[in-house]
Amino acid sequence: MLSLFRHWRERRILGRHPIAEGDWRQTLAGTSALRRLSASEQARLRVLATFLLHEKSVEPVQGLELTGAMRARLAALACLPVLNLGLRWYRDWHSIVLYPDLFMPRREYTDAAGVVHRGHRVLEGEAWQRGPVILSWAGVAETGTPPGHNVVIHELAHKLDMLNGEPNGFPPLHGRMSRRAWSCSLAAAYRALEARVRQGYPPPLDPYALENPGEFFAVASEAFFETPRSLRDFDPELYRQLTLFYKQQPLAN
Ligand SMILES: [Zn+2]
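Residues numbered from 1 in each chain as written. Predicted model: local features only at pLDDT ≥ 70, side-chain atom pairs only at ≥ 80, totals over all residues. Heavy atoms only, no water.

1. Some words on the overall build of the protein
Reasoning step 1: In terms of regular secondary structure, the protein is built from eleven helices and six strands.
Reasoning step 2: Computed over C-alpha atoms, the radius of gyration of the protein comes to 18 Å, within 12% of the 18 Å expected from 2.2 N^0.38 for 253 residues, which places it in the range of a compact globule.
Reasoning step 3: Along the three orthogonal principal directions, the C-alpha set of the protein runs to about 55 × 40 × 35 Å.
Reasoning step 4: Of all 253 residues assigned to the protein, the portion counted as buried reaches 49%.
Reasoning step 5: A sequence separation of at least 24 residues applies to 63% of the contacts in the protein between residues at least 6 apart.
Reasoning step 6: On the protein, roughly 13,100 Å² of surface is accessible, and the fraction owed to carbon and sulfur atoms is 52%. (Helix = DSSP H or I, 4+ residues; strand = E, 2+ residues; numbered from the N terminus. Rg over C-alpha atoms; globule rule 2.2 N^0.38 Å. Buried < 20%, exposed > 50% of the residue type's maximum accessible area, 1.4 Å probe, protein only. Contact = heavy atoms within 4.5 Å. Areas by Shrake-Rupley, 256 points an atom, 1.4 Å probe, with all protein chains shown as cover.)

Printed below as a string of structure tokens:
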């Protein structure tokens, strides 16, 4: 009975708030990470994106005008990491705040040296523990530039990581995954990236990943969806652990 009710409710949402065909086609055309999906995965992503837009509030600020195509693109990118996990992985937050451009939060933060700053840091995205996801539309629009860059996936990877506390590169793993294999793999890849940067080689991942293990997981997630081949070439075991966590094989299609 419950599932009957759920299906009825879901059909009603899909019927009343569909993503327009043109907006969806534009979204797929403009995003290589989405073009890589099979036709049936794209269809499931569209359903998930419709539910996301129904469940979460997208709040444009500073005069940003949001079109249907922008909402479709944002929702599709946001749903890509949970395509095979489901929206319940986004259960602890309710809104996406969208700035037109890079933004500067007006509040204090403490840097690595313990110095407190007041809003001097310009951001492209931010995820608050149990709070909103904050993004700049300019960042969303520039997905894939440079290759591997995807601010939406980055911030939502932090959200997944925060499901079990502080973002530390250790999201809740699935039952059959080994916690040891996960942490050994991420730590080894972290050290390998560090060595490449130190030796002056072109880094296979954005060196921002070296800020801390939480940022490493978020940056590796961006690469997993945006540039999976180069991520796998850099570190096949890291790639494999991410396929287990996201339950996706970006290189299979
Ligand atoms: Zn981050």
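2. Let's talk about the coordination of the zinc ion
Reasoning step 1: The coordination sphere of the zinc ion contains the protein donors His154 (NE2), His158 (NE2), Glu215 (OE) and Glu215 (OE), at a distance range of 2.1 to 2.6 Å.
Reasoning step 2: Bound by four donor atoms, the zinc ion shows angles of 54 to 144 degrees at the metal and therefore irregular coordination geometry.
Reasoning step 3: Judged by its relative accessible area of 7%, histidine 158 falls in the buried class. (Donors = N, O, S within 2.8 Å, 3.2 Å for Na, K, Ca; no water. Tetrahedral: all angles 85-135°; square planar, octahedral: opposite > 155°, others 65-115°.)

3. A few points about the pattern of salt bridges
Reasoning step 1: Summed over all chains, the structure comprises three salt bridges.
Reasoning step 2: The salt bridge partner of glutamate 21 is arginine 25, with a shortest N-O separation of 3.6 Å. Of this pair, glutamate 21 and arginine 25 both sit in helix α2 (residues 21-29), four residues apart, roughly one helical turn.
Reasoning step 3: According to the relative accessible area criterion, arginine 25 is exposed, its value standing at 52%.
Reasoning step 4: Across the pair arginine 46 and glutamate 21 runs a salt bridge, and its minimum N-O distance is 3.0 Å. Placement of the pair is arginine 46 in helix α4 (residues 39-55) and glutamate 21 in helix α2, with a sequence separation of 25 residues.
Reasoning step 5: Overall, the relative accessible area of 40% leaves glutamate 21 in the partly exposed class.
Reasoning step 6: Residues participating in the shared-partner salt-bridge network are Glu21, Arg25 and Arg46. (Salt bridge = Lys/Arg side-chain N within 4 Å of Asp/Glu carboxyl O.)

4. A word on the confidence of the model for the protein
Reasoning step 1: Across the protein, pLDDT averages 89, with 90% of residues at or above 70.
Reasoning step 2: The element-level mean pLDDT for the protein is lowest in strand β4 (residues 116-118), coming to 52, with helix α11 (residues 236-246) highest at 98. (pLDDT = per-residue confidence, 0-100.)

5. Quick word on the packing of helix α8 (residues 179-198) against helix α9 (residues 213-226)
Reasoning step 1: Contact geometry of α8 with α9 gives a least axis separation of 11 Å together with a crossing angle of 90 degrees. Between α8 and α9, the angle is such that the two are roughly perpendicular. Contacts between α8 and α9 involve Trp182, Leu186, Ala189, Tyr190 and Leu193 from the first element and Pro213, Phe216 and Phe217 from the second.
Reasoning step 2: Of the residues assigned to the contact of α8 with α9, the class counts are eight nonpolar, no polar and no charged. (Axes fitted to C-alpha atoms, helices over the stretch in contact; angles between N-to-C directions. Parallel < 35°, antiparallel > 145°, perpendicular 65-115°, else oblique. Nonpolar A, V, L, I, M, F, W, Y, C, P; charged D, E, K, R; others polar.)

6. Thoughts on the sheet that holds strand β2 (residues 95-99)
Reasoning step 1: Strand order in the open sheet formed by four strands is β1-β2-β6-β5, and the pairing between neighbours is mixed. Both edges of this open sheet fall to β1 (57-60) and β5 (125-127), since each of them pairs with a single strand only. Strand-to-strand twist across the sheet, computed as the mean angle between neighbouring axes with direction ignored, equals 15 degrees.
Reasoning step 2: In this structure, β1 lies alongside β2, joined through four bridges in parallel fashion. In the sheet register, proline 60 faces β2, and the bridge partner there is leucine 98.
Reasoning step 3: In the packing of helix α7 (residues 151-161) onto the sheet, the strands contacted are β5 and β6 (133-136), and the crossing angle to β6 comes to about 165 degrees. (Pairing = 2+ DSSP bridges.)

7. Observations regarding α11
Reasoning step 1: Within the span of α11, buried status applies to Leu238, Tyr239, Gln241, Leu242, Thr243, Phe245 and Tyr246.
Reasoning step 2: Here the buried face of α11 lies against α7, α8, α9 and α10 (228-234).
Reasoning step 3: Looking at where α11 begins, the residue whose side-chain oxygen comes 3.1 Å from the main-chain nitrogen of glutamate 237 is aspartate 235.
Reasoning step 4: Taken from the residues just after α11, lysine 247 is the one with a positive phi, measuring 55 degrees. (Polar contact = N/O pair within 3.5 Å; in protein donor to acceptor, adjacent residues only side chain to side chain.)

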